[in-house]
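Structure at a glance
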Amino acid sequence: MNLLDTTNAVAISLYTLLSTAYKSMQVVYAVPANSSSASQGLVSSGQLPSVDVIVPCFNEDPHTLSECLASIADQEYAGEVKIYVVDDGSRNREAVESVHVSFSRNPRVNIIMLPENVGKRKAQIAAIRRSSGDLVLNVDSDTILAPDVIAKLVPKMQDPMIGAAMGQLTASNRSDTWLTRLIDMEYWLACNEERAAQAHFGAVMCCCGPCAMYRRSALLSLLDQYESQFFRGKPSDFGEDRHLTILMLKAGFRTEYVPGAIAATVVPDKLGPYLRQQLRWARSTFRDTLLGLRLLPSLDRYLTLDVVGQNLGPLLLALSVLTGLAELALTATVPWWTVLMIVSMTFIRCTMVAFRARQLRFLGFSLHTFINIFLLLPLKAYALCTLSNSDWLSRSFTPDASNKGGKQVPTQPRAESNVAEYSTRSAPLRRFNLARDSIRPMTPDVVCNDE
């Protein structure tokens, strides 16, 4: 039993040291630098680059798709914007036909109908090869953009060495359930700590799919590699955002984070869809971490700590929890040292985040610790053992409208699905009044109200 106790103590101690060092440096580097107005300004509309917005969709709810396209059509950007909606062989085309018809009247909108489902990655590529803009903005079909997203991202892309930039993500359905509230806070942390710290070194490791802009010239040079990703001899068709970001970094381009470019996306409101989503993401992260290891010698040493902290940290925590549970089962002894360390770190972290965000709701993020320990850690272990599995786990056609955030799960069309009845601004603005609160301390230049 001494072996269990020793292993438990060593594992939790190493986890505490690693996590403290990693998170402390992350917070320091995540503090936004004061950028000069010159670097953010574009001289005249005649010099503005053209932007192609690509929206792949598969069995999307008509109302959700309409809100997404309306938010893109209403972008406050003086340059040329073209929108490419790629229907990836949806089986609810009759339901979304009214949306296609309504938006196709806009000369900037192009509707591409693929005869069969080929996956998000190939749907994106189909539009990329038909478009010609200087910059490409990938947007998920269940995402609503703030009116100034393009105007915020384009200045960052003026530097020719920047290949990609992502905006800040929030949960458009944050108020639905306790889980959506936790995910919204999780998104805030992922964006304003993890991505913000990585952007300090020009190496955001994953430009997230709901809102990411790419330089066309860089994108075209990597398109063949992006399209033909394999893992252990099998095609890999998820985790496209992380893989494309790694390819950009390997090619020598920088990747950035723009906190003022806010996008609200639908997140799962039930544990089942959430865990399936996390399983896909875990597999993608493990796969591309192997690819990203080759990059680390050319990047700042903090990025090495970042990779170690994200991958070794959970393993140490899992080992500590397993040995603690074994000790409890075999000796009826509570591993108080482990419990004390986990509780203390959770309290300190949530308190610091609440202070940085100036929102007391982040104290409630402590509940995520239970999800992480009892659900996400076992799920990551399973993902590591099943890396060759490329099943999306959510592609079956189902009319269950309650299964939000699955990205691939359709819903029955709502009665108000005719987009001619919608105001093109009312729904997006209603959601963004909620979504913007969380970033005010991080981006004082953004006047706004909100994983």
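First, a word on scope: everything that follows refers to the structure included in this document. (Residues numbered from 1 in each chain as written. Predicted model: local features only at pLDDT ≥ 70, side-chain atom pairs only at ≥ 80, totals over all residues. Heavy atoms only, no water.)

A word on the overall build of the protein. Each helix and strand in the protein was counted, giving 14 helices and 10 strands. Looking at the protein residue by residue over its 451 residues, the buried ones come to 58%. Accessible area of the protein: about 19,300 Å², with a carbon and sulfur share of 60%. (Helix = DSSP H or I, 4+ residues; strand = E, 2+ residues; numbered from the N terminus. Buried < 20%, exposed > 50% of the residue type's maximum accessible area, 1.4 Å probe, protein only. Areas by Shrake-Rupley, 256 points an atom, 1.4 Å probe, with all protein chains shown as cover.)

Below, the discussion takes up helix H4 (residues 93-104). Here H4 has its buried residues at Ala95, Val96, Val99, His100 and Phe103. The buried side chains of H4 occupy one side of the element, clustering within an arc of 125° when seen end-on. Those residues of H4 that are buried are in contact with helix H3 (62-73), strand E2 (81-88) and strand E3 (109-114). (Arc of directions from axis to C-beta. Contact = heavy atoms within 4.5 Å.)

With 10 of 10 residues buried, strand E6 (residues 162-171) lies mostly within the body of the structure. As paired elements, E6 and strand E10 (residues 254-265) share nine bridges and run parallel to each other. What sits directly across from Leu169, in E10, is Ala263. Two elements, E6 and strand E7 (residues 211-215), share three bridges in a ladder whose sense is antiparallel. In the strand pairing of E7, Ala164 is matched with Tyr214. (Pairing = 2+ DSSP bridges.)

At a minimum axis distance of 12 Å, the contact between helix H7 (residues 178-199) and helix H12 (residues 336-357) shows a crossing angle of 75°. Regarding the angle of H7 to H12, the classification is roughly perpendicular. Between H7 and H12, the residues in contact are Trp188, Leu189, Asn192 and Glu193 and Arg349, Val353, Arg356 and Ala357, respectively. Its residues assigned to classes, the contact of H7 with H12 comprises four nonpolar, one polar and three charged. (Axes fitted to C-alpha atoms, helices over the stretch in contact; angles between N-to-C directions. Parallel < 35°, antiparallel > 145°, perpendicular 65-115°, else oblique. Nonpolar A, V, L, I, M, F, W, Y, C, P; charged D, E, K, R; others polar.)

A few words now on the pattern of salt bridges. Counted under the stated rule, the structure contains 15 salt bridges. Across the pair Asp184 and Arg361 runs a salt bridge whose closest N-O atoms are separated by 3.0 Å. A residue pair is termed long-range when its members are at least 10 positions apart, and Asp184 in helix H7 and Arg361 in the loop between H12 and helix H13 (368-385) qualify at 177 residues. The class of Asp184 is buried, set by a relative accessible area of 2%. Glu193 is the partner of Arg349 in a salt bridge, and the nearest nitrogen-oxygen pair spans 3.1 Å. Placement of Arg349 in helix H12 and of Glu193 in helix H7 is noted, with a sequence separation of 156 residues between them. On the accessibility criterion, Arg349 (26% relative accessible area) is partly exposed. Counted as one network, the salt bridges with shared partners bring together Lys122, Arg129, Asp224 and Glu227. (Salt bridge = Lys/Arg side-chain N within 4 Å of Asp/Glu carboxyl O.)

With that settled, the discussion passes to helix H6 (residues 149-156). Most of H6 is tucked away, with six of its eight residues classed as buried. The set of residues buried in H6 consists of Val149, Ile150, Lys152, Leu153, Val154 and Pro155.

On the basis of relative accessibility, which here comes to 23%, the residue Arg361 falls in the partly exposed class. At 3.0 Å, the side chain of Arg361 and the side chain of Asp184 are in polar contact. A polar side-chain atom of Arg361 sits 2.7 Å from a polar atom in the side chain of Gln359. (Polar contact = N/O pair within 3.5 Å; in protein donor to acceptor, adjacent residues only side chain to side chain.)

What follows covers the state of the cysteines. This structure, assessed with the given rule, holds zero disulfides. Cys57 supplies the cysteine sulfur nearest to Cys68, a cysteine that is in no disulfide, at a spacing of 8.6 Å. Take Cys68: its relative accessible area is 0%, and that puts it in the buried class. (Disulfide = S-S within 2.5 Å.)

Now for the sheet that holds E3. Taken in spatial order, the eight strands line up as E3-E2-E1-E4-E7-E6-E10-E5 in an open sheet, and their pairing is mixed. With partners counted over all chains shown, the strands left at the sheet margins are E3 and strand E5 (143-145), one partner each. Ignoring strand direction, the axes of neighbouring strands in this sheet form an average angle of 30°. By the bridge criterion, seven bridges tie strand E1 (residues 51-57) to E2 in an arrangement that is parallel. Counted as the bridge partner of Val51 is Val81 from E2.

This part covers a nonpolar patch on the surface. Taken together, the side chains of Trp178, Leu271, Leu367, Phe370, Phe374 and Leu375 present a nonpolar region at the surface, about 620 Å² in accessible area. If you tally residues by element for the nonpolar patch, the top one is H13, at three residues. Mapping Phe370 onto the fold places it in helix H13. Residue classification places Phe370 among the exposed residues on the basis of a relative accessible area of 53%. (Patch = residues over 30% accessible without salt bridge, like charges linked within 9 Å, V, L, I, M, F, W, Y side chains within 5 Å.)

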